[in-house]
Amino acid sequence: MGLPQGHPYLGLQVLLLTALNCLRPSLNLELVPYTPQITAWDLEGKVTATTFSLEQPRCVFHELAGTSGTVWLVVAFSNASRGFQNPETLANIPAFPRLLTDGHYMTLPLSLDRLPCDDPTVGSGGIPVLRVGHDHGCHQQPFCNPPLPGPGPYRVKFLLMDTRGSPKAETKWSDPITLHQGKTPGSIDTWPGRRSGGMIVLTSILSSLTGLLLLAFLAASTARFSSLWWPQETPEQLRIGSFMGKRYMTHHIPPSEAATLPVGCEPGLDPLPSLSP
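Conventions and cut-offs
- Positions within a chain are numbered from 1, following the residues in the order the chain's sequence is written.
- Under the rules for a predicted model, residues below a pLDDT of 70 receive no local features and side-chain atom pairs below 80 are neither given nor counted, while totals for whole chains, interfaces and linings still include all residues.
- Note: side-chain values were computed over all heavy atoms of the structure, leaving out hydrogens and water.
- Here the term buried applies to any residue with accessible area under 20% of the maximum for its type, exposed to any over 50%, and partly exposed to those in between, with areas from a 1.4 Å probe on protein chains only.
- Note on conventions: DSSP H or I runs of at least 4 residues are helices, E runs of at least 2 residues are strands, and numbering of each starts at the N terminus.
- Two strands make a pair as long as DSSP finds a minimum of two bridges between them.
- Residues enter a nonpolar core if they are buried and are Ala, Val, Leu, Ile, Met, Phe, Trp, Tyr or Cys, with the set joined through side-chain atoms within 4.5 Å.
- We call two residues contacting when some pair of their heavy atoms lies within 4.5 Å.
- Whenever Lys or Arg places a side-chain nitrogen within 4 Å of a carboxyl oxygen from Asp or Glu, that contact is recorded as a salt bridge.
- Two rings from Phe, Tyr or Trp (for Trp, the six-membered ring) form a pair when their centres are within 6.5 Å of each other. A pair whose planes differ by under 30 degrees is stacked, one over 60 is edge-to-face, and the rest are tilted.
- Scored from 0 to 100, pLDDT reflects the predictor's confidence in each residue.

### Remarks on the pairing of strand β3 (residues 69-77)
With respect to burial, β3 is a largely interior element, 7 of its 9 residues being buried. Where β3 meets strand β6 (residues 154-162), 9 bridges bridge the pair, whose relative direction is antiparallel. What sits directly across from Val74, in β6, is Lys157. Alignment of β3 against strand β4 (residues 104-111), held across 6 bridges, turns out to be antiparallel. Paired with Val71 across the two strands is Leu110, which belongs to β4.

This is the structure:
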């Protein structure tokens with residue numbers, strides 16, 4: 001049996017009913033007015049070459065507190081986020097390898113009781129973040145969170161699924177998130193002419209100070225060890241083994257007077273007897 005004659009729009013109605021049945025889960029999905037974003041906490045490495053840190057969706061699904069389920073993070077390339085279709089069962093949840101083929105995957109499942117509205121920093125001292133791409137060596141796990149393969153950009157959203165794996169609510173997609181990229185050594189500009197004036201002045205001052213310190217060190221070293229290289233002349237009075245004394249003058253007779261006296265007529269001595277007849 002074929003389609004009855006005289007109903008040209010019957011085929012189109014069937015197609016519309018089929019499309020509505022396919023879109024029914026999406027029509028029942030609640031859109032939460034929340035946009036995921038990089039954490040606002042002052043942290044080092046919030047965005048690196050392979051990871052980025054999101055703020056946890058605390059108190060985002062609080063209106064659905066009566067629903068027991070799991071909050072998933074959907075990660076997709078920015079140009080593939082519009083083509084993502086929410087899975088209808090747990091078996092259809094895309095794992096990390098799908099990122100390289102389909103451009104998206106799901107990871108970091110959290111139960112609703114782990115995302116309360118209380119301030120998590122009170123008492124614990126911790127900062128609530130979701131670090132995407134921080135699990136190294138987890139490629140064998142079903143919902144792995146390994147380092148991201150490239151700079152992106154990426155978009156993320158949170159998806160609430162019930163215990164059977166059916167989606168119940170979702171957030172908006174985030175703004176594009178681009179990871180940091182390292183530079184190759186050949187691309188680093190080392191030409192000083194392209195440096196700022198302040199950097200050139202600072203470099204010149206530091207170089208001058210270094211030169212002055214070096215000269216001061218050399219001068220101090222020269223003064224310290226000069227006595228070892230060129231020993232000073234020792235005064236004659238302090239030389240070891242030398243002796244200096246005053247000239248001894250007998251009876252304190254001036255030299256001029258002693259030279260004029262005849263032999264045998266020194267003062268205080270009797271004259272010698274004469275040998276002549």
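### What to know about the nonpolar core
Core analysis: the biggest nonpolar cluster contains 28 residues, and Phe52, Leu54, Phe61, Leu73 and Val132 have the highest contact counts within it. For Phe52, the residues in contact, after removing those within four places along its chain, are Ile38, Lys46, Val47, Leu130, Arg131, Val132, Leu148, Val156, Ile177 and Leu179.

### Looking at the pattern of salt bridges
Opposite charge on two side chains allows them to pair when their charged atoms are near. Applying the stated criterion across every chain yields a total of 4 salt bridges. Between Glu170 and Lys157 there is a salt bridge, with the nearest N and O atoms lying 2.5 Å from each other. Of this pair, Glu170 sits in strand β7 (residues 167-170) while Lys157 sits in strand β6; the two residues are 13 residues apart in sequence, bridging distant segments of the chain. As far as burial versus exposure is concerned, Glu170 and Lys157 are alike and both buried. One salt bridge in this structure joins Arg164 and Asp162, with 3.7 Å as the shortest N-O distance. For Arg164, a relative accessible area of 62% translates into the label exposed. One salt-bridge network, held together by shared partners, links Asp162, Arg164 and Lys168.

### Re the packing of aromatic side chains
The tally for this structure, following the rule as stated, stands at 5 aromatic pairs. Ring plane angle 75° and centroid distance 4.7 Å describe the contact between Trp72 and Phe143, whose orientation is recorded as edge-to-face. Of the two residues, Trp72 sits in strand β3 while Phe143 sits in the loop between β5 (129-132) and β6, which places them 71 residues apart along the sequence. Every member of this aromatic cluster is reached through a ring pair, and the members are Phe52, Phe77 and Tyr154.

### What about the pairing of β7?
Taken together, the 2 bridges between strand β1 (residues 30-31) and β7 define a ladder with parallel strand orientation. Pairing of Glu30 across the sheet is with Ala169, part of β7. Inspection of the sheet shows β6 paired to β7 by 3 bridges, in the antiparallel sense. Bridging across to β7, Met161 finds its partner in Pro167. The antiparallel pairing of β6 with β7 creates a hairpin that spans 4 residues between the two strands, and Gly165 there sits at a positive phi of about 95°.

### Topic: the sheet that holds β4
Strands belonging to one sheet form pairs held by backbone hydrogen bonds; the direction of such a pair is parallel or antiparallel. Taken in spatial order, the 5 strands make up an open sheet running β1-β7-β6-β3-β4, and their pairing is mixed. If you trace the sheet from one side to the other, it starts and ends with β1 and β4, each paired once.

### Focus on the confidence of the model for the protein
In this model, the protein carries a mean pLDDT of 74, and residues with pLDDT of at least 70 account for 62%. Under a pLDDT of 50 for its full length, residues 1-26 has, in the predicted model, 3 contacts with residues more than four places off or in other chains.

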